[in-house]
Amino acid sequence: MQRQRLIEIGVGAFMALGLLALFFLAMQVSNLSAAGSGEGYHLKARFQNIGSLKVRAAVTMAGVPIGRVERIEFDQDSYEALVTLRIESRYDRIPEDTFANIFTAGLLGEQYVGLDPGGSDEYLKDGDTLEHTQSALVLEQIIGQFLFDKAAGGGK
Amino acid sequence: MLDALAHLGRAGIGAIRRLGRGHLLAASMLLGSGEVLRRPGLLVTQLHSVGVLSLVIVGVSGLFVGMVLGLQGYHVLSQFGSAQSLGVVVAASLVRELGPVVAALLFAGRAGSALTAEIGLMKATEQLSGLEMMAVDPIRRILVPRLYAGFLAMPVLAALFSAVGVLGGWFVGVGLLGVDDGAFWSQMQAKIDFHEDVVNGVVKSLVFGFVCTWIALFQGYDAVPTSAGVGRATTRTVVHSSLAVLGLDFVLTALMFGD
């Protein structure tokens, strides 16, 4: 009977350790603790070119993550990318004339949406669209432009 | 010539028969699952021998695998000036792949072989027939608790492996090599998704736990009841489980992360 009890205690500790490990993975390793999914309100933004922006990329303001990219669609009528952003609901005072840019974190980093606040007193609400956007910088296009300018300048 | 052909045919028929017997055994074990609820004590005893006794090997291996990942990852990443992403590399490889797979391989070697030897010896010493003589179904009484013990222990072991491995990588990266502590954890949390990565890892280990235990039990139950037969069956358990784990891992990875 004593031995059976020891076994039971061992198994109990084993299961508890496993749950603890899973909890550790959920909270410390993965993003479950950050920005609960589904919470927040949605803003839309149209971009000429989104580069390699991905769903779940960060949306930042002054460098602080305030939301995530929720959906990326292609609008066949305007030939633009329609990006839906989910902003955490505690950040509810984003001016109406806010500027949305697509930036790259570092030279090899991922792309993210950076918001530059405007000066308007009107604030964006759920479902509103950001009017001012700036496309992603595509490195090939910049290099192409640079070479073109160089060639044009050299010809004169 | 004809002899060779007949030999090949015999081997093929034997393999297919074994496959069929294996699936029949799985079916009758699943049908007898109610036994686990009626006698939870049997399950606890098996969880002890399958899970608790595998803790040390899984924990120590996880620690070293994590530490090696930390060293190797740092070496490569620092060439690109992105040593700060070390946490992502260590955690993603552990949670997605190495945790479930290596823990399952260790499980097959440590617990699977022991299960096969135990059941095989029970068969060789006619204990299984003895149970049947007493109108006790050996499948329900002996095999079913072991199957569920393996099924439950495997995800726990894999989660422990991953968690200890991440701590090992953290120890080497942050403690010895001087990666920034905050960047290590924050980049990891930013890139590792709970549903995408952690839950998929747990699903993988559930599948591996079932398959490894099933193979071990079947090899023991199907062993030739001699000492040489039990020995061969034990070897087959480790070989077949390892191959099944690696093959299934590819299939599961393709299904989970393929798109």
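Criteria and thresholds
Residues numbered from 1 in each chain as written. Chains lettered and ligands numbered in written order. Predicted model: local features only at pLDDT ≥ 70, side-chain atom pairs only at ≥ 80, totals over all residues. Heavy atoms only, no water. Helix = DSSP H or I, 4+ residues; strand = E, 2+ residues; numbered from the N terminus. Buried < 20%, exposed > 50% of the residue type's maximum accessible area, 1.4 Å probe, protein only. Contact = heavy atoms within 4.5 Å. Areas by Shrake-Rupley, 256 points an atom, 1.4 Å probe, with all protein chains shown as cover. Lys, Arg positive; Asp, Glu negative; His and termini not counted. Charge placed at Lys NZ, Arg CZ, Asp CG, Glu CD. pLDDT = per-residue confidence, 0-100. Buried area = accessible area lost by both parts, 1.4 Å probe. Salt bridge = Lys/Arg side-chain N within 4 Å of Asp/Glu carboxyl O. Polar contact = N/O pair within 3.5 Å; in protein donor to acceptor, adjacent residues only side chain to side chain. Nonpolar A, V, L, I, M, F, W, Y, C, P; charged D, E, K, R; others polar. Phe/Tyr/Trp six-rings, centres within 6.5 Å; stacked < 30°, edge-to-face > 60°.

1. Here we look at the overall build of chain B
Counting its regular elements, chain B contains 10 helices and 0 strands. When the elements of chain B are put in sequence order from the N terminus, they spell out α-α-α-α-α-α-α-α-α-α. Across its three principal directions, the C-alpha atoms of chain B cover 65 × 55 × 35 Å. Within chain B, buried positions represent 46% of all 259 residues. Looking at chain B alone, contacts between residues at least 24 apart form 85% of all its contacts between residues at least 6 apart. Accessible surface for chain B amounts to roughly 12100 Å². Of this, 70% is attributable to carbon and sulfur atoms. Positive and negative side-chain charges in chain B, numbering 16 and 15 respectively, have mean positions lying 12 Å apart.

2. Remarks on the confidence of the model for chain B
Across chain B, pLDDT averages 90, with 100% of residues at or above 70. Both confidence scores are given for the complex: pTM 0.75, ipTM 0.73.

3. A look at the interface of chain A and chain B
Contact with chain A, which involves 22 residues of that partner, is made by 30 residues of chain B. Summing both partners gives a buried area of about 2300 Å² for chain A against chain B, and 78% of it is carried by carbon and sulfur. Here chain A is connected to chain B by 0 salt bridges. For the pair chain A and chain B, the interface holds 0 residue pairs in polar contact (both at pLDDT 80 or more). Grouping the amino acids of the side of chain A that touches chain B by side-chain chemistry returns 13 nonpolar, 6 polar and 3 charged.

4. Overview of the pattern of salt bridges
Residues and elements named next belong to chain A. Overall, the coordinates contain 13 salt bridges over all chains when judged by the stated rule. For D75, the salt bridge identified is with R46, shortest N-O distance 2.7 Å. In this pair, D75 is assigned in strand β3 (residues 64–75) and R46 in strand β1 (residues 41–47), connecting sequence segments 29 residues apart. Within the structure, one salt-bridge network assembled from shared partners comprises R46, D75 and E80.

5. So, the packing of aromatic side chains
Per the stated rule, a full pass over the model turns up 8 aromatic pairs over all chains. On the numbers, 6.4 Å between centres and 45° between planes, the contact of F74 of chain A with Y79 of chain A is tilted. The burial state of F74 of chain A is the same as that of Y79 of chain A; both residues are exposed. Seen in terms of ring centroids, F184 of chain B and W185 of chain B are 5.3 Å apart; in terms of plane orientation they differ by 85°. Their pairing is edge-to-face. Here W185 of chain B falls in the buried class, since its relative accessible area comes to 13%.

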